[in-house]
Amino acid sequence: MKTLLTDKKRNGIVVATLNRPERANALSLQLLRELNDFLSSIEEDQSVRVVIFTGANDHVFCAGADLKERKKMNEQEVRFALQKNKMIINRIAALKQPTLAAMNGTALGGGLELALACDIRIGSLLGHYGLTETSLAIIPGAGGTQRLSRLIGVGKAKELIFTSSKITGAEAKEVGLVEHVEKQEEVIVKALKLANLIAGNGPIAVRQAKKAINLGIDVDLNTSLTIETNAYEKTIVTEDRLEGLLAFEEKRKPHYKGQ
């Protein structure tokens, strides 16, 4: 059985569904391999404008690492699994296309780390969210300590990680862990609505905006403004920019081709 289901919808939106509902969509080695293959297939695909990650389980987005699988591993195998997990999540973070985590339920450990690597997160009111690794005498090892602190602040990130706390969807919205929180059945609806708004804009412009934000966030202002200028330059020479101006003049919806 495939542990990752992909569905390419109109407007260049791709929905990638973690498909291990019986194991709370835990990140097994097989699922990591299928995620890796999926990322390889879309990284340079200009027709893919937005990627949504969601889960097949009705109440769980992803419970993190498959602990039953991990328990059977020796130390060397655990290190390999961790490196594989970290590599996949870093690849998600590095995608040129905008990414949304439609967390239709609970996301813990590596599952939340996957969501943290996405650009926009939608949580569920019934879900619980946390990096709970210290309760297992380990730490978040796929970027969680770094991405969570950058997202919600160092103090709150330390509190959640040190205590292994799980917070509700409403609390996640309050601290800035998610951008939106919805009823469980509305999470994917909200994600698709946002994805369609993004996909309707100039794809080159959206990718360059993502690049400028990501590269500029951790450098000084003068350097980040140079990054922004360089990203803007990439849009000036595009056919899409001219189409945008023409559509504005003609009072119609633009038809962007990513050229």
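Computed from a prediction, not measured in an experiment: that's the story for all the values here.

1. Quick word on the overall build of the protein
Within the protein one finds 11 helices and 10 strands. Expected size for 259 residues packed as a compact globule is a radius of gyration near 18 Å; at 19 Å, the protein falls within 12% of this value. Principal-axis analysis of the C-alpha atoms gives the protein an extent of 60 × 45 × 35 Å. Counting the 259 residues in the protein, one finds 47% classified as buried. Expressed as a percentage of contacts within the protein between residues at least 6 apart in sequence, the contacts between residues at least 24 apart total 67%. Carbon together with sulfur atoms contributes 56% to the accessible area of the protein, which is approximately 13600 Å² in total. Charge separation in the protein, taken as the distance between the mean sites of 36 positive and 31 negative side-chain charges, equals 2 Å.

2. Points about helix α5 (residues 144-152)
Among the residues making up α5, those that are buried are Gly144, Leu148, Ser149 and Ile152. One side of α5 holds all its buried residues, which, seen down the axis, span an arc of 115 degrees. Among the structural elements, α4 (110-116), α6 (154-163) and α7 (169-175) are those in contact with the buried residues of α5. Gly153 sits one or two positions beyond α5 and adopts a positive phi of about 100 degrees.

3. What to know about the nonpolar core
One finds Phe53 and Leu177 to be the most contacted residues of the largest nonpolar core, which totals 44 residues. Elements represented by at least two residues in this core include exactly β2 (13-18), α1 (29-42), β3 (50-55), β4 (60-62), α3 (75-94), α4, α5 and α6. Per-element tally for this core: the top contributor is α1, with seven residues. Core analysis: the second largest hydrophobic core is formed by 14 residues, Ile52, Ile122, Ala191 and Leu194 among them.

4. Considering the pattern of salt bridges
Within the structure shown, the criterion is met by 11 salt bridges. Between Arg121 and Glu179 there is a salt bridge, with the nearest N and O atoms lying 3.6 Å from each other. Of this pair, Arg121 sits in strand β7 (residues 120-124) while Glu179 sits in the loop between α7 and β10 (180-182), and the two are 58 residues apart along the sequence. Taking the shortest distance from any N to any O, the salt bridge between Arg252 and Glu250 comes out at 2.7 Å. Assessed through its relative accessible area of 44%, Glu250 is described here as partly exposed.

5. Digging into the environment of Gly144
Mapping Gly144 onto the fold places it in helix α5. It is 23 Å that separates the C-alpha atoms of Gly144 and Asp37, two residues lying 107 residues apart in sequence.

6. Overview of the packing of aromatic side chains
This structure, assessed with the given rule, holds one aromatic pair. Look at Phe38 and Phe53: their rings are 6.3 Å apart centre to centre, the planes differ by 90 degrees, and that puts the pair in the edge-to-face class. Remark: Phe53 occurs in strand β3 and Phe38 occurs in helix α1; sequence separation between them is 15 residues. Like Phe53, Phe38 is buried.

7. A short note on the sheet that holds strand β6 (residues 106-108)
Taken together, the four strands give an open sheet; going across it, the order is β4-β6-β8-β9, and neighbouring strands pair in mixed fashion. Sheet topology places β4 and β9 (167-168) at the edges, where each strand pairs with a single neighbour. Relative to β6, β4 runs parallel, the two sharing two bridges. Residue pairing in the sheet places Cys62 in a bridge with Ala107 of β6.

8. Focus on a nonpolar patch on the surface
Side chains of Leu67, Leu136 and Ile138 sit close together on the surface and give an oily, nonpolar patch of about 280 Å² of accessible area. Residue position: Leu136 is located in the loop between β8 (128-130) and α5.

9. Remarks on the sheet that holds β2
Across the sheet, six strands lie side by side as β1-β2-β3-β5-β7-β10; this open sheet has mixed pairing. The open sheet has two free edges, formed respectively by β1 (4-8) and β10, since each of these has just one partner strand. Taking the axes of each pair of neighbouring strands and ignoring which way they run, one obtains an average angle of 20 degrees across the sheet. Note that β7 and β10 share three bridges and pair parallel. Looking across to β10, one finds that Ser124 is bridged to Glu182.

What counts, and at which threshold
Residues numbered from 1 in each chain as written. Predicted model: local features only at pLDDT ≥ 70, side-chain atom pairs only at ≥ 80, totals over all residues. Heavy atoms only, no water. Helix = DSSP H or I, 4+ residues; strand = E, 2+ residues; numbered from the N terminus. Rg over C-alpha atoms; globule rule 2.2 N^0.38 Å. Buried < 20%, exposed > 50% of the residue type's maximum accessible area, 1.4 Å probe, protein only. Contact = heavy atoms within 4.5 Å. Areas by Shrake-Rupley, 256 points an atom, 1.4 Å probe, with all protein chains shown as cover. Lys, Arg positive; Asp, Glu negative; His and termini not counted. Charge placed at Lys NZ, Arg CZ, Asp CG, Glu CD. Arc of directions from axis to C-beta. Core = buried A, V, L, I, M, F, W, Y, C linked by side-chain atoms within 4.5 Å. Salt bridge = Lys/Arg side-chain N within 4 Å of Asp/Glu carboxyl O. Phe/Tyr/Trp six-rings, centres within 6.5 Å; stacked < 30°, edge-to-face > 60°. Pairing = 2+ DSSP bridges. Patch = residues over 30% accessible without salt bridge, like charges linked within 9 Å, V, L, I, M, F, W, Y side chains within 5 Å. Axes fitted to C-alpha atoms, helices over the stretch in contact; angles between N-to-C directions.

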